[in-house]
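Results of the structural survey
So you can see what is in the structure, the chains are spelled out below.
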Amino acid sequence: MAAEVQSQVSMIDPSQLLRPEPTFNDKPIDAFRDYSVDENDPIKERVRKTYYDMHTNVTVELVKQKRDKWLKFNHFKSTVKDALIKLNELVDESDPDTDLPNIVHAFQTAERIRSDHPDDDWFQLTGLIHDLGKVMAFYGEPQWCVVGDTFPVGCKWADSIVYGPESFKNNPDTYNPKYNTKYGMYKPNCGLDNLLISWSHDEYLYQFLKHNKSTLPEKGLYMIRYHSLYPWHAGGDYRHLTNEKDEEILKWVLEFNKYDLYTKSENVPDIEALWPYYEKLIEKYIPGVCEW
């Protein structure tokens, strides 16, 4: 990787702390992190600030700028394995349950999927790489533009977005009549593929895989692309914009997310021992040196 990459970036991932949707109300207690809000808790206050910064700054115009910047894929060249190793330097400071590097979560997710889906090697690899788009943080992207829940821009803010529409009060798109109605700049049931989603590690990795001609199946690509779109897949919003294809995508995303959000293990995988197996999967689906 390029020499200018910072040696370490501590990540605040708000999506791991706050889950407002009723979908998660009946989960066993040990499947949760502590999602309560406490003004005296500095970590939770940083999470709140991250979201307010996100909801203030993420506009239609900003998303277009970020897509223009990152979808040139001219920032560095690296194998997927080397990029994953870089995640060793990525510690999510917002997670009250662990101070383990992001790569540990990657292997925990992959191994849990492997246990339940031993014959679906593409699914296992999807679990391993799903957060790999967070490498943007090593290249100067602010945390609010890398981590956290995603949402469509260019239409009315959904009630199920973390902290709600009130958190968008300083966003100029809130007051733009082209963007602040139910459909905004979209047509009814135009489909997720036609929505402009807030910029994050999800869309970047999806586009990276397409650009580098990954042979992961469509299911894996969509699991990656929409796994943080909680207002849609957990909050039940934006159904007036989705279509029949999206209902199939929803099944895939929900199947993936039970491994992502709730993969909590006291056992740290033996990453060195697992590398030979996953290197073969990388070589099968995303081989060689890639453009990032």
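In this report, the structure presented in the accompanying data block is examined. (Residues numbered from 1 in each chain as written. Predicted model: local features only at pLDDT ≥ 70, side-chain atom pairs only at ≥ 80, totals over all residues. Heavy atoms only, no water.)

Right, let's talk about the pattern of salt bridges for a bit. If you walk through the whole model with that rule in mind, you get 17 salt bridges. The partner of Lys 69 in a salt bridge is Glu 141, with the nearest N and O atoms 2.8 Å apart. Here Glu 141 lies in the loop between helix 5 (121-129) and helix 6 (201-211) and Lys 69 lies in helix 2 (residues 60-70), a separation of 72 residues in the sequence. The exposure class assigned to Lys 69 is partly exposed, which follows from its relative accessible area of 32%. Arg 225 is the partner of Glu 203 in a salt bridge, and the nearest nitrogen-oxygen pair spans 2.8 Å. A residue pair is termed long-range when its members are at least 10 positions apart, and Glu 203 in helix 6 and Arg 225 in helix 7 (residues 218-226) qualify at 22 residues. Given a relative accessible area of 11%, Arg 225 falls into the buried group. One continuous salt-bridge network, built from bridges that share partners, spans Arg 67, Asp 193, Glu 203, Glu 218, Arg 225 and Lys 245. (Salt bridge = Lys/Arg side-chain N within 4 Å of Asp/Glu carboxyl O. Helix = DSSP H or I, 4+ residues; strand = E, 2+ residues; numbered from the N terminus. Buried < 20%, exposed > 50% of the residue type's maximum accessible area, 1.4 Å probe, protein only.)

Both the distance between ring centres and the angle between the ring planes are used here to describe each pair of aromatic rings. Counted under the stated rule, the structure contains 20 aromatic pairs. Each ring, one from Tyr 222 and one from Tyr 226, has its centre 5.9 Å from the other, and the planes form 5 degrees; the classification is stacked. Residue Tyr 222 and its partner Tyr 226 are located together in helix 7, separated by 4 residues, close to a single helical turn. Comparing Tyr 222 with Tyr 226 shows no difference in burial state: the two are buried. Ring centres 5.0 Å apart and planes at 90 degrees place the aromatic pair Tyr 277 and Tyr 278 in the edge-to-face group. By relative accessible area, which is 26% here, Tyr 277 ends up partly exposed. By relative accessible area, which is 0% here, Tyr 278 ends up buried. (Phe/Tyr/Trp six-rings, centres within 6.5 Å; stacked < 30°, edge-to-face > 60°.)

This brings us to the environment of Glu 203. By relative accessible area, which is 5% here, Glu 203 ends up buried. Along the sequence, Glu 203 and Arg 225 sit 22 residues apart, while their C-alpha atoms lie 5.3 Å from each other. Reaching out from Glu 203, the side chain makes a polar contact with the side chain of Gln 207 at a distance of 2.7 Å. Looking at Glu 203, its side chain comes within polar contact range of the side chain of Arg 225, at 2.8 Å. (Polar contact = N/O pair within 3.5 Å; in protein donor to acceptor, adjacent residues only side chain to side chain.)

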